[in-house]
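# Structure at a glance
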Amino acid sequence: PAMPQMPALSQIDLPQPSLWTPPEGAGIFSSSFFMQLCPALAGAGAAVLLASFFFLLLQEPKLDVPYPNGKYDARDAEAFFAERPGALLFRTADLFRLGLRFGVQLLLDWRFGRIDQNQPKRAKELTRLLTDCGATFIKIGQALSIRTDLLSPAYIESLSELQDRVPAFSNAQAFETIRKELRLPSKSPDTAGEMPECFTELSAKPVAAASLGQVYRARLRDSGLEVAVKVQRPGVLEAVALDMYLIRMAAVFAKRTFGWINTDLVAAVDEWALRFVDELDYELEAQSAINFREQIAITPLAKVVCAPRPVLEYSSKRVLTAEWVQGQRLDAASNSKGDVGKLCSVGLTAYLTMLLETGTLHCDPHPGNLLVTDDGQLCILDWGLTTKVEGELQITFLEHIAHLTSRDYPAIPGDLVRLGFVPEAQQAAIAQAGVAEVLGTLYAQLAGGGGAKKIDVTEVARTMTGLTQNYGNMFQLPAYFLYVLRAFTVLEGIGLQNDPDYSIVDQCLPYITQRLVTDNSPRSRAALRSFVSSAAATGGNARQVDGNRALLLVSGLSDYNAATLGLNAPSGEDEDAVTIAAKLVLDARGNPLQSLLLEETARAADALVRDMAVRVDELLERSGPAARVLDPLGAWGMMRQLLVKEEEDEEMLRGVAAIFATFEEGREGDAALPPARSSAQHAAGSHAGKPPPRPAPSSGLSPEVRNKLAQQVWEQRAGAGMLAQRLAARMLLRASERLGRLSEPGVVDGKARDEFVVVLASLGKTATALTAAQLAAFSKYEEEDEVPTRR
C-alpha cells in the first residue's frame, strides 16, 4: 500500500525552550540572546576566579621572607606577595574599612558644624587609627605630631603619643628575641619572661615604645655599663613590606592615570621603602651612629652635639644595645633662659652640617629622638632612618641658597635642574616664566617666620596654576629629596612649638655663612661672591660687594659661633660680630672671604687711582698754557693713556660709595652690626620688592667698637702684615691685568694706540706680574702649622 505523505519539518509544531527562543525577526546572534547568556558566563567566570584564588591560598609559598638579601627590592616583594594574594586582599580591605569610618565621621562633623567641638575626640580616634594601621602609618603620624602650623593643639597633643608611647608588645616576646639574636640559651614558655642572662638589671617594662620597636633600660653583667636595649617588634618587616608593596601599586596606578605628573612616583616610593627597610637593620643603625660620632668630633659642634655609643658585642640585626644617656626630651626641657630656642639653633646647625658637610643625614628628628643631656648637650637618638647626600648635591644646595639670597635670578633655573626639581628640557621655560621671582617671594614669606600658616597659599597656588597653564607642568620632586624634606619639616615643627614666629630660613643662615667663608672650593667661592654682592650696590648690571650683605654675613657667623658654644658656655665667651669680622679679615692663613675682600679692595683702589687721573687731566686742561710748565715733556699724556677709565670703574666707584654710606649709617647706640635675628628677613625682604629698612643715623663707630678693633689689630698683628702683602700682590695683579689690555695694538677714542704706550704697557705687565707673584709667595706659610716668618 502507498505510504502516507509526511508533513514538512517546518510544519511540525515542536515545543521550544524559553531560554533559546529568539524574538520574532531576530537571529541567534541577537543582543537579547547575549544579554540572557551574560549572567551565566559571569557566574562561571567568578567561580573560576574564586577557585583560582582559593587554590593560591592553599598553595604552599616558596618564599619565606619578602627581601631574601636583606635589602629592599621591588621585584623580590612582587614575587613574595604573588604567592600571598589573601594578605593583599585582607590588608587592602582593612585599610579601607579603618579609613572610611574615620572619613565619614569627619564628613558628618563638617556637615553639622561640629568640627571644633569634636576635635579632641577625633584626635584620639586618629591616633588609634594610625596605631591600628601599623608602623608605616605611625611614621606619618610622628611627622605630623609637631606641625603646630598645620594641626590644632588637640591633634598635636594626641599624635605626640606616637613618638614614644605606642602600645608595647609583651616582655616574653622581647626577651625571646634578645636571646635568639644574641645567641643566649633559650627558656621554656613558663620562664620566657625572665631577664636574659647577659644583664644584671633590666626594667620591668619598656621605657619607650615606638613604631618599630621598644626600649628597655638595663645594665650589662660583664662591664656594669648602663645601657639602652632596643628590641624590634615581631613581624614588623613583613608588615612594612606589605604596606610598601600596596603603596607602590598605588603609585604605578597614579602615574599611569595622571600622565601630567613629572615626578617619578614609583622611584619616590622605592626610595622611601629602601630607607624604611634599612631602618629595620639595627647593625646598619649602629654603624650610622658610630660614623656620626666620628664625623661630628672634628667639627666645631663636637662639645654640644652627640649620639649614644653603640655596644656592638650586644647588638644584632634586631637588637641594638647602646650606652644609656641621661637627659630629657627637647620639648620637655627647661626654657627659663631660652634654652629650647638655643638648642633648636644647635640642632638645625647640626642637621645642616650633616646635609652639606658629612653627607649622612638623620631623617627622624622628632622630639622623642632629641634629648637634652644633663651636661647641656643635644643628643640625637635612633640612627636607623638616614639618607646619603652626595658632594655634588651639597655644593649645589649651597649655590642655590646663595643665589636666592642675593637675587641672582639668572642662576636659579640651572640650580633647579642640577638639584633635580626641573627636567633639563624645561630649563628655558623656567627662565622665561619668572619662576625665580616666585621663589624669591616664597623665600621672603618663609623668612618672616611662622611656618606654613604665614604663607599666602592662595597667591602661591594662583601663580603656580598660571605658570602651569602657560608652560605646562615644569616641576618634579626628586626621590632623594623626600627624606631631606621630612627631616627639615620636622625640625621646623619643633622650632614652631617653642616659638610661633620661628623662621627656619633665618636659622639656616649661620651655618651657610660659616660654610661659605671656610670652603675653598671654586664653586663655594663663587657662591660666596654671589651671597655678598648685588647689582643694586653699583646701580648697574655688574655685581659688587654690598655693605648690607657683608654685615649680614658677619652677623650669621656670630650666630654660628653662639650655636657651637651650646648652653654651658662661660659668660662672655661668645664672640661678637666685630671680633669675628676682625679675625676673618686679619687671618694670617687666609680664607675665602679675605681673598674676596682683597680682590674687591684692589679693584676699588684701581678705580680710585683712575678716577684721580681723570680729575688731574681735567685740571691740566683747565690750566691751559700753564699745563706745559707743569709737564713740559708731555709725560703725563703718555701716562694718561695707561690710566684709561672704563665703565667697570664707574660701577666700582658707585659700589664703594654705597659701602661707605652703609657704615656711616650705623644703628643708634653702641651696636656695630645689625642683629642676626633680622638678618635673614632683611635679605629676603628684598625679594618681595621692598627695600631693606634703613638704620637710624649715628655718629659712626662707637668708642667701644673702635677699642675692640684696635685690640684685634694688635692681637692679629702677624696677620695684618700678611694682609698688607696680599693686598699689594692683588693690586699689582690688577695693574698687570689692566696693562695687559693696552699691550696689544688697537684703537682708542678713534685714534690708533701709540706704539710707545704698547711697549710701556707690555713692560709694566711683566714687571707687575713678577712682583705680585713674589709678594704672594712671601705671604704664604712654609708649612701648614708653622707661624709665618718675617721677611
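Here we summarise the structure given alongside this text. (Residues numbered from 1 in each chain as written. Predicted model: local features only at pLDDT ≥ 70, side-chain atom pairs only at ≥ 80, totals over all residues. Heavy atoms only, no water.)

Attention now goes to the overall build of the protein chain. The helix and strand tally for the protein chain stands at 30 helices and 15 strands. Within the protein chain, the proportion of its 791 residues that are buried is 45%. In the protein chain, 69% of the contacts between residues at least 6 apart in sequence involve partners at least 24 apart. As presented, the protein chain carries roughly 41200 Å² of accessible surface, and 60% of it is formed by carbon and sulfur atoms. (Helix = DSSP H or I, 4+ residues; strand = E, 2+ residues; numbered from the N terminus. Buried < 20%, exposed > 50% of the residue type's maximum accessible area, 1.4 Å probe, protein only. Contact = heavy atoms within 4.5 Å. Areas by Shrake-Rupley, 256 points an atom, 1.4 Å probe, with all protein chains shown as cover.)

With that out of the way, let us pick up the sheet that holds strand β5 (residues 305-306). If you walk across this open sheet you meet the 4 strands as β5-β10-β9-β7, and the pairing is mixed. The strands lining the two open edges of the sheet, one partner per strand, are β5 and β7 (327-329). Pairing geometry for β7 and strand β9 (residues 370-373), over 3 bridges, is antiparallel. Opposite Gly327, over in β9, you have Thr373 as the bridge partner. (Pairing = 2+ DSSP bridges.)

Time to look at helix α9 (residues 236-257). Compared with an ideal rise of 1.5 Å per residue, which puts 22 residues at 32 Å, α9 spans 32 Å between its outermost C-alpha atoms and is within 8% of the ideal. All of the buried residues in α9 are Val236, Val240, Ala241, Leu242, Asp243, Met244, Tyr245, Leu246, Ala251 and Ala254. Close packing links the buried residues of α9 with α2 (74-82), α3 (85-111), α4 (119-133), α5 (135-144), β4 (226-232) and α10 (265-279). (Expected span 1.5 Å × (residues − 1).)

The next subject is the packing of aromatic side chains. For the structure shown, the criterion picks out 9 aromatic pairs. Note on Tyr511 and Tyr560: the rings are 6.3 Å apart at their centroids and 55° apart in plane angle, and the pair reads as tilted. Within this pair, whereas Tyr511 is found in helix α19 (residues 504-518), its partner Tyr560 is found in helix α21 (residues 547-565), the two being separated by 49 residues in sequence. Here Tyr511 falls in the buried class, since its relative accessible area comes to 0%. Ring-pair connections join several aromatic residues into one group, and the members of that group are Phe397, Phe421, Tyr480 and Phe481. A cation sits over an aromatic face here: Arg84 above Phe80, 3.7 Å from the ring centre. The aromatic ring of Phe112 is capped on one face by Arg111, whose charged end is 5.6 Å from the ring centroid. (Phe/Tyr/Trp six-rings, centres within 6.5 Å; stacked < 30°, edge-to-face > 60°. Lys NZ or Arg CZ within 6 Å of the ring centre and 35° of its normal.)

Attention now moves to the nonpolar core. Counting 96 residues, the largest nonpolar core has Val305, Leu361 and Phe488 as the members making the most contacts within it. In terms of residue count, helix α12 (residues 339-358) provides more of this core than any other element does, 11 residues in total. Leaving out residues up to four positions away in the same chain, Leu361 has contacts with Tyr351, Met354, Leu355, Leu385, Thr386, Thr387, Val484, Ala487 and Phe488. Counting residues in each nonpolar core, the second largest holds 17 residues, with Phe199, Val229, Val311 and Tyr314 among its members. (Core = buried A, V, L, I, M, F, W, Y, C linked by side-chain atoms within 4.5 Å.)

Packing of α4 against α5 brings their axes to within 6 Å, and their N-to-C directions diverge by 140°. Contact with α4, carried on its side by Leu130, Thr131 and Cys133, involves Ala135, Phe137, Ile138 and Gly141 of α5 and no other residues of that element. Class assignment of the residues belonging to the contact of α4 with α5 gives a composition of 5 nonpolar, 2 polar and no charged. (Axes fitted to C-alpha atoms, helices over the stretch in contact; angles between N-to-C directions. Nonpolar A, V, L, I, M, F, W, Y, C, P; charged D, E, K, R; others polar.)

Looking at the element boundaries, Leu557 is found in helix α21. Note on Leu557: relative accessible area 7%, which makes it buried. As a C-alpha pair, Leu557 and Gln514 span 43 residues in sequence and 5.6 Å in three-dimensional space. In this view, Leu557 contacts Thr513, Gln514, Val517, Ile580 and Leu584; residues no more than four positions away in its chain are not counted.

A word on the pattern of salt bridges. Enumeration over the complete set of coordinates arrives at 31 salt bridges. Asp270 is the partner of Arg248 in a salt bridge, and the nearest nitrogen-oxygen pair spans 2.8 Å. Residue Arg248 is located in helix α9, and its partner Asp270 is located in helix α10; the two are separated by 22 residues in the primary sequence. Residue class for Arg248 comes out partly exposed when judged on its relative accessible area of 24%. We note a salt bridge from Glu600 to Arg529, for which the minimum N-O separation is 2.9 Å. Of this pair, Glu600 sits in helix α23 (residues 592-623) while Arg529 sits in helix α20 (residues 522-532); the two residues are 71 residues apart in sequence, bridging distant segments of the chain. Arg529 gets classed as partly exposed once you look at its relative accessible area, which sits at 24%. When salt bridges that share partners are traced, they join Arg91, Asp94, Arg97 and Asp243 into one network. (Salt bridge = Lys/Arg side-chain N within 4 Å of Asp/Glu carboxyl O.)

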